[in-house]
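This is what each chain is made of:
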Amino acid sequence: VQLQASGGGLVQAGGSLRLSCAASVSIFSFNPMGWYRQAPGKQREWVARINIGGSENYADDVKGRFTISRDISKNTVYLRMNSLKPEDTAVYYCKAVGGNFPFRDYWGQGTLVTVSS
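All chains use their own residue numbering, which begins from 1 and follows the written sequence. Totals for whole chains, interfaces and linings use all residues, but because this is a predicted model, local features are given only for residues with pLDDT of at least 70 and pairs of side-chain atoms are given and counted only at 80 or more. Water and hydrogen atoms were dropped before computing side-chain values, which therefore reflect all heavy atoms in the structure.

Turning next to the environment of Ser69. Labels follow the DSSP assignment, with helices taken as runs of H or I lasting at least four residues and strands as runs of E lasting at least two, numbered in each case from the N terminus. Here Ser69 lies in strand E7 (residues 66-71). Sequence separation between Ser69 and Pro86 is 17 residues; the distance between their C-alpha atoms is 23 Å.

Two cysteine sulfur atoms form a disulfide, by the criterion used here, when they sit within 2.5 Å. If you walk through the whole model with that rule in mind, you get 1 disulfide. Between Cys21 and Cys94 runs a disulfide, and the two sulfur atoms are separated by 2.3 Å. Every disulfide takes its handedness from the sign of the S-S torsion; for Cys21 and Cys94 that torsion is 65°, giving right-handed. One end of the pair, Cys21, is in strand E3 (residues 17-23); the other, Cys94, is in strand E9 (residues 90-98), with 73 residues separating them in the sequence. Residue burial is assigned from relative accessible area. The probe radius is 1.4 Å, only protein chains are included, and a residue is buried under 20% of its type maximum, exposed over 50%, and partly exposed in between. Accessibility expressed as a relative area gives 1% for Cys21, which makes it buried.

This brings us to empty space enclosed by the protein. Residues are called lining when one of their atoms sits within 4 Å of a cavity or pocket point, these points coming from a 1 Å grid over the protein atoms alone, where a cavity is a set in which a 1.4 Å probe fits but cannot get out and a pocket is an open set with protein on both sides within 12 Å along at least five of seven lines. Grid points are joined across faces, edges and corners, and a volume is the space filled by probe spheres set on the points. The final tally for this structure, using the stated rule, is 1 cavity of 30 Å³ or more. In this structure, the largest cavity encloses a volume near 50 Å³. In terms of lining residues, the largest cavity is bounded by Ile27, Phe30, Pro32, Met33, Ile50, Asn51, Ile52, Arg70 and Val77. Among the elements that line the lining of the largest cavity, the one with the most residues is strand E4 (residues 30-38), at 3 residues. Note on residue classes: Ala, Val, Leu, Ile, Met, Phe, Trp, Tyr, Cys and Pro are nonpolar, Asp, Glu, Lys and Arg are charged, and everything else, Gly too, is polar. Broken down by class, the residue content of the lining of the largest cavity amounts to 7 nonpolar, 1 polar and 1 charged.

Moving on, we get to a nonpolar patch on the surface. Grouping into patches uses exposed residues only, defined as over 30% relative accessible area, and leaves out salt-bridged ones; the cut-off is 9 Å for like charges and 5 Å for nonpolar side chains (Val, Leu, Ile, Met, Phe, Trp, Tyr). Only the protein chains shown count as cover for residues, and the accessible areas themselves come from Shrake-Rupley with a 1.4 Å probe. For salt bridges, the criterion is a side-chain nitrogen of Lys or Arg within 4 Å of an Asp or Glu carboxyl oxygen. Taken together, the side chains of Phe28, Ile52 and Ile72 present a nonpolar region at the surface, about 250 Å² in accessible area. Structurally, Ile72 is set in the loop between E7 and strand E8 (76-81).

Have a look at this one:
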């Protein structure tokens, strides 16, 4: 299983980016899939997740600005990030949890998002 994250870059505050996480297998193999981020000098934190049924959850500080979605035909999960703030600057990682025992965690490589003020 491989997860390929992409879409990071440099954007001004108030701007938008869309991250993609492409899985090498059907995304229905996982429950849930989501995004984490790690800012310089800080611990990795959860950002958003989508479960196999399509329900979405968000961390409080991104709620209303970020949207997680999926394209089943492309085995890809997206994170649309609007109204970006400098404090959103981080390396963003996608994560998938195996849908069957042993419910293994799979991580993609990070993609760097830098928001300038």
